[in-house]
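# Results of the structural survey
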Amino acid sequence: MKRFLTILATAIPLLAATGPASAATSGTPQVPAGITAGYVVFDRQTGKITSNRYAHRKFRSASVVKILIAIDYLEAHKSVSKSNLALLKTMLRVSDDNAATSFWNRGGQGKIIERTARKLQLTDTAPPPAGWPGYWGYTSISALDITKTYRYLLDRADPRVSGLILGHLREAEQCGADGFDQFFGIPRGVRGPWAVKQGWSGYGSTPPGRCRKTVFKSTSDTSAPAASTAPAGLPAAPAATAAGRPAVPAVSPALFTAAATGPVPDYGHPVLHTTGLVGPKERWIMVLLTAHPSSTTWQRSTAQVTKLAREVYLNGTS
């Protein structure tokens with residue numbers, strides 16, 4: 001514990017010193033216009049953050065919160081039934097929403113986030129607002145907090161807990177439980193093997209195309225956009241439109257960059273996240289959280305995030 005806090009303490013000042021990377025710097029990731037991105041690359045070998053942008057900026061979690069749900073459940077249950085092991089598997093490998101909702105309701109909903117944030121010392125993570133207690137995907141997270149979450153699993157968690165969770169993330173499947181393709185960002189932009197947990201919300205509840213499994217776990221090609229679709233997102237928000245997006249006024253690009261404030265970060269805007277362990281012997285933790293203009297498409301968003309993920313990886317590991 002002491003060693004973990006000491007390493008973390010050396011990493012956090014780096015954030016204050018570097019801030020968002022300068023666009024003038026050679027090799028700096030270029031965030032597309034209209035997209036808000038927060039990212040962290042952490043080198044486990046040196047114990048330092050090697051690349052970051054808006055590391056404390058809050059985004060709504062979408063399915064990334066399933067890691068916290070799994071941690072909370074496993075640490076509260078020393079013995080897990082076969083049926084619950086099966087639910088954990090589908091929740092983590094294929095991002096099954098029904099499995100997440102089952103654990104969420106049984107665990108006290110927002111109390112899950114309060115417990116894990118306190119235990120893991122997460123400073124930007126908060127439960128969904130009181131008006132949306134059942135919406136686990138409305139949890140607030142930041143790139144730095146999810147980096148801390150992976151570090152907790154790697155350095156502090158009981159091997160029974162970390163082994164099960166990371167084992168499933170290493171076996172993440174391309175096609176989500178609902179037919180969405182969740183291989184965007186790290187899976188398509190970074191050479192494998194890797195362990196990943198993806199997240200998305202705001203692209204509707206029906207895949208824009210059939211998810212077709214492809215073999216490219218060792219590829220580093222970023223030229224092709226994600227095959228089709230979006231990973232398991234959230235239950236429909238209150239007053240959702242037919243397309244699955246919350247019926248709220250559009251936010252201007254000028255305000256969008258700072259739209260992390262409010263009860264639900266970027267409410268009304270699609271979010272797309274790619275997170276995990278990358279590189280030889282899983283040397284780096286990489287977290288990339290993004291929010292997009294309300295008019296964007298799944299195909300465009302996944303292509304942009306995949307390209308950005310590749311640039312973030314190269315910037316943080318070179």
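Structure's up top.
This report concerns the structure included in the present document. (Residues numbered from 1 in each chain as written. Predicted model: local features only at pLDDT ≥ 70, side-chain atom pairs only at ≥ 80, totals over all residues. Heavy atoms only, no water.)

The next point concerns the state of the cysteines. Throughout this description, disulfide means a covalent bond between two cysteine sulfur atoms. Scanning all chains against the criterion turns up 1 disulfide. Covalent S-S linkage joins C175 and C211, the inter-sulfur distance amounting to 2.1 Å. The sign of the S-S torsion, about -90°, decides the handedness of the disulfide formed by C175 and C211: left-handed. Here the residue C175 occupies a position in the loop between α7 (159–170) and α8 (186–189), and C211 occupies one in the loop between β5 (195–201) and α9 (253–256), the gap between them amounting to 36 residues. On the accessibility criterion, C211 (11% relative accessible area) is buried. (Disulfide = S-S within 2.5 Å. Helix = DSSP H or I, 4+ residues; strand = E, 2+ residues; numbered from the N terminus. Buried < 20%, exposed > 50% of the residue type's maximum accessible area, 1.4 Å probe, protein only.)

What follows deals with the sheet that holds strand β1 (residues 36–43). Within the open sheet, the 5 strands sit side by side as β2-β1-β7-β6-β5. Their pairing is antiparallel. Edge positions in the sheet fall to β2 (48–53) and β5, since each has one partner strand and no second. This sheet shows a mean twist of 5° between the axes of neighbouring strands, independent of strand direction. In this structure, β1 lies alongside β2, joined through 5 bridges in antiparallel fashion. Residue pairing for β2: Y39 is matched across the bridge by R53. (Pairing = 2+ DSSP bridges. Axes fitted to C-alpha atoms, helices over the stretch in contact; angles between N-to-C directions.)

This brings us to unusual backbone geometry. What you tend to see is this: most non-glycine residues have negative phi, and most peptide bonds are trans. Omega for the peptide link from G192 to P193 comes to 0°, which places this bond in the cis form. The topology assignment puts P193 in the loop between α8 and β5. One non-glycine residue with positive phi stands out, namely Y54, at about 45°. As for its position among the elements, Y54 is in the loop between β2 and β3 (59–60). The phi dihedral of K281 is positive, around 55°, even though this residue is not glycine. Here K281 shows up in the loop between β6 (271–278) and β7 (284–291). Residue K281 is classed as exposed on the basis of its relative accessible area, which comes to 82%.

For helix α4 (residues 97–106), the full list of buried residues reads D97, A99, A100, F103 and W104. Looking down the long axis of α4, one finds its buried residues gathered within 160° of arc, a one-sided arrangement. Taken together, the buried residues of α4 touch α2 (66–76), α3 (82–93) and α5 (110–120). Sitting at the amino-terminal end of α4 is D96, which places a side-chain oxygen 3.2 Å from the backbone nitrogen of N98. (Arc of directions from axis to C-beta. Contact = heavy atoms within 4.5 Å. Polar contact = N/O pair within 3.5 Å; in protein donor to acceptor, adjacent residues only side chain to side chain.)

Between α2 and α3, the shortest axis-to-axis distance is 10 Å and the interhelical angle comes to 160°. The angle between α2 and α3 places the two elements in the roughly antiparallel class. Every pair of crossing elements has a handedness; the one defined by α2 and α3 is left-handed. Residues K66, I69, A70, Y73 and L74 of α2 form the contact with α3, whose own contacting residues are N84, L88, M91 and L92. Within the contact of α2 with α3, the residues separate by chemical class into 7 nonpolar, 1 polar and 1 charged. (Parallel < 35°, antiparallel > 145°, perpendicular 65-115°, else oblique. Left-handed = near helix turned anticlockwise from the far one by under 90°. Nonpolar A, V, L, I, M, F, W, Y, C, P; charged D, E, K, R; others polar.)

On their own, these measurements won't tell you what the molecule is for.
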